[in-house]
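# Fold and contact review
Read off the chains here:
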Amino acid sequence: MSNDPSRQGPQEEGKPQGSKGGERRKPIKDTEQTPSQDTRGGETGEQDPRACTVTKPPKFGPDRPSEPHRAENKSDQYNRTENIVREARNINDLSLPANMSPFVTRDFKILVLQEYPILEKHQGHRTFFTYLLTTVFTDDDTDGIVIPYMTIARCYGKQALEKAKNGNITTGVILNIFQSQVVDEFRYYDAYSASAGKARTVERTGIDNSIFRAWEEQDLISEDLIDFVRLKPWTGKNSKNLRDELKEQSGEENSPHCEDATEWRNYLNGRSPNLFTRAVKENYGEAREVAASFDGRTKQNQALRHLNAMAEQPQPIYGFSDNTVRLKSLNPSLQTVDSDIRHVITQDWVELDLSSAQLAVAATEWEMTELRDFLANGGNIWDSLFGYLDLGYYAKGPLKKGLYSVVFGSPRFQIPENISDEAEEEGIDISSDTASKFLEHPIIEELLEERERRIEAIEENGGIRDDAYDRWISLEECTAQNPKLSLLAQVAQAREMWLLRPVLDLALEQKNDRKRHAWQVTLLQHDGFSVHFTRSREYHLDRIKEAVKQRAERHGYPTELEVEN
């Protein structure tokens, strides 16, 4: 499961349903159905037998929308959970999950409450419904919405959240109550283990396609908006409160792995929201046109989910990651949206990346002299791969995914699959034979051989030293699915952040010198970043590039900053 929202697609968007919120409805006239995009359910649209459902769920009348069905011999924990759901009809201390957006148009609010009348009376259910409708947090393999137990509890208020942290309620019961009271065709996979970091995923939301289409078609830029969770008008103050909530959450889940991560987070979260709002409002229409042109419904839906979420709150609010120094955006934002959409919206900014960052770090960290000389003398890995595989520049995305997999931790057998999956998503024709041939490229072969030697050293030593930030990373304490490869990736990612430290120093210098303020970093994208210039662009751009180049050359890393757009 991925924590990188930019690589996550939307789940299957539901089918026309029967009962909702305790009242029977006639089927809607529009009977268009979307087959399940979850590979475990096939293309038939039938329920996967591994998806969870309530057997003969209790019925709840519209006059008592939150009153749970009482049965004898239920555990105290089950009863506590039912009480939490009942008390969540009105929530005074709600803190929204980060990966959702609560604002909708007035017409959309009316439509949803007509279809699901219970939502008007139950704020907890309304919040979870909104999460299912708007989140961009989906599973890489199945495209199903990810529903971590903490997210489920957060939707039902801070009391539920605290009890979930202490193991005093059962979030599976909350899901079953939601199904029986709100959407009776809601289904989820229960491959759940909090200790192993495995969350439930949605097999299908059960929400009518008509609701999803109406949500996608909203004009969130020019129309007056409603906070659907609280059923109140959405204002600029709401946007600020949402950012403040996210900033509160930014240090809750994980601690920073280095001081640079803390300083980057504080700097980025302190940027003016007007920078991002202005960029979105000026280019929103063009961005929607680009999203509509994407091949495949999955990619279109994910782009539209991001665009709708960014209509009022496009600024990334950064938090710390679990197993790496990297920062992650807690909310759908310009940092997580598809790069084609991002480039449209940020067309007046400058995007810079470390050239061949993964290769450069591996060449030096793994003491690969020939590869380091190849890069230092101007060698271009992309030209080499294109020629070897008889492909053109159009294939850079899938090949970049393959190279990333080599250095940052996919098993050897999975690398061609990663290339093929990325090619399919981008609508590029790369045969399975070509994807497999990628592993035979001399540089790739050498990388994989050296990687195996590094893995053996990790096993022998019980971990690895991150020289960039002078810390020991223990193999035993790593919670990643493939911990040895994860440790290699963590060291490489730490070096990337270390190489970009001069950019942060210059940015802080700019921040503190209001008289000569000429630029600021707006986005951090791991091995690159975006800059908004207000004056003297070329002078300051050269200064930024030179600062990073000097650090890289001084420590033997054959990389430098390149302008991406």
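Residues numbered from 1 in each chain as written. Predicted model: local features only at pLDDT ≥ 70, side-chain atom pairs only at ≥ 80, totals over all residues. Heavy atoms only, no water.

### Brief notes about the overall build of the protein
If you tally the helices and strands in the protein, you get 22 helices and 17 strands. Among the 565 residues that make up the protein, the fraction classed as buried is 57%. Taking contacts inside the protein between residues at least 6 apart in sequence as the whole, the part at least 24 apart equals 71%. (Helix = DSSP H or I, 4+ residues; strand = E, 2+ residues; numbered from the N terminus. Buried < 20%, exposed > 50% of the residue type's maximum accessible area, 1.4 Å probe, protein only. Contact = heavy atoms within 4.5 Å.)

### Some thoughts on helix α11 (residues 297-310)
For α11, with 14 residues, the first-to-last C-alpha span of 20 Å sits near the 20 Å given by 1.5 Å per residue. All of the buried residues in α11 are K299, Q300, N301, Q302, A303, L304, R305, H306, L307, N308, A309 and M310. The elements touched by buried residues of α11 are β4 (103-105), α3 (123-134), α7 (209-216), α10 (273-292), α12 (339-345) and α17 (414-426). (Expected span 1.5 Å × (residues − 1).)

### Section: the pairing of strand β7 (residues 200-204)
β7 sits mainly inside the fold: 5 of its 5 residues count as buried. Of the pairings in the sheet, the one linking strand β6 (residues 187-189) to β7 comprises 3 bridges and is antiparallel in character. For R187, the partnering residue across the bridge sits in β7 and is R204. (Pairing = 2+ DSSP bridges.)

### Digging into the sheet that holds strand β16 (residues 528-533)
Spatial strand order, β15-β16-β12-β17: 4 strands in an open sheet with antiparallel pairing. Of all strands in the sheet, those bounded by a partner on one side alone are β15 (519-524) and β17 (561-563). Across the sheet, the axes of successive neighbouring strands diverge by a mean angle of 30 degrees, strand direction being ignored. Note: β15 against β16, 5 bridges, orientation antiparallel. (Axes fitted to C-alpha atoms, helices over the stretch in contact; angles between N-to-C directions.)

### Details of the packing of aromatic side chains
A full pass over the atoms with the stated rule returns 11 aromatic pairs. Taking 5.5 Å as the distance between ring centres and 85 degrees as the angle between the ring planes, the aromatic pair formed by F178 and F186 counts as edge-to-face. Taken together, the ring pairs in this structure connect F128, Y131, F178, F186 and Y188 into an aromatic cluster. One Lys or Arg, K299, reaches over the ring of F294 and ends 4.6 Å from the middle of that ring. Between the NZ or CZ atom of K437 and the centre of the ring of Y388, over which it lies, the distance is 5.0 Å. (Phe/Tyr/Trp six-rings, centres within 6.5 Å; stacked < 30°, edge-to-face > 60°. Lys NZ or Arg CZ within 6 Å of the ring centre and 35° of its normal.)

### Brief notes about the pattern of salt bridges
Overall, the coordinates contain 21 salt bridges when judged by the stated rule. D227 is the salt-bridge partner of R230, the closest N and O atoms lying 3.0 Å from each other. Taking relative accessible area as the criterion, R230 reaches 28% and is therefore assigned partly exposed. Note on D227: relative accessible area 1%, which makes it buried. (Salt bridge = Lys/Arg side-chain N within 4 Å of Asp/Glu carboxyl O.)

### Structural notes on unusual backbone geometry
At S356, a position not held by glycine, the phi torsion is positive, near 45 degrees. Inspection of the secondary structure puts S356 in the loop between β12 (350-354) and α13 (357-365). Of note in this structure, S536 is not a glycine but carries a positive phi near 50 degrees. By relative accessible area, which is 37% here, S536 ends up partly exposed.

### A few points about helix α16 (residues 396-408)
A rise of 1.5 Å per residue sets the reference length of α16, with its 13 residues, at 18 Å; its end C-alpha atoms lie 17 Å apart and thus fit the reference within 8%. On its buried face, α16 sits against α13, α15 (381-389), α17, α19 (442-461) and α20 (483-499).

### Some remarks on the packing of α16 against α19
For the pair α16 and α19, interaxial distance at closest approach is 9 Å and the crossing angle is 25 degrees. Relative to α19, the element α16 is oriented roughly parallel. Between α16 and α19, the residues in contact are L403, S405 and V406 and I444, L447, L448 and R451, respectively. Looking at the contact of α16 with α19 residue by residue, the class counts come to 5 nonpolar, 1 polar and 1 charged. (Parallel < 35°, antiparallel > 145°, perpendicular 65-115°, else oblique. Nonpolar A, V, L, I, M, F, W, Y, C, P; charged D, E, K, R; others polar.)

### Topic: the sheet that holds strand β9 (residues 232-233)
Taken in spatial order, the 3 strands of this open sheet run β4-β8-β9, and their pairing is antiparallel. Looking at the sheet topology across the chains shown, the edges are occupied by β4 and β9. Relative to strand β8 (residues 225-227), β4 runs antiparallel, the two sharing 3 bridges. Paired with V104 across the two strands is I226, which belongs to β8.

### Digging into the confidence of the model for the protein
Averaged over the protein, the pLDDT score is 83; the fraction of residues at 70 or greater is 85%. Taken together, the stretch residues 1-73 has pLDDT below 50 and engages in 183 contacts with residues farther than four places along the chain or on a different chain. (pLDDT = per-residue confidence, 0-100.)

### Quick notes on the nonpolar core
The biggest cluster of nonpolar side chains holds 159 residues, and the ones touching the most others in it are F128, F129, I147 and L447. Looking at this core, the element that brings in the most residues is α20, giving 10 residues. (Core = buried A, V, L, I, M, F, W, Y, C linked by side-chain atoms within 4.5 Å.)

### Digging into the environment of T434
Position of T434 among the secondary structure elements: in helix α18 (residues 432-437). With 44 residues separating them in the primary sequence, T434 and D390 have C-alpha atoms 8.8 Å apart. Non-local contacts of T434, meaning those with residues more than four positions away in its chain, are made with L389 and L391.

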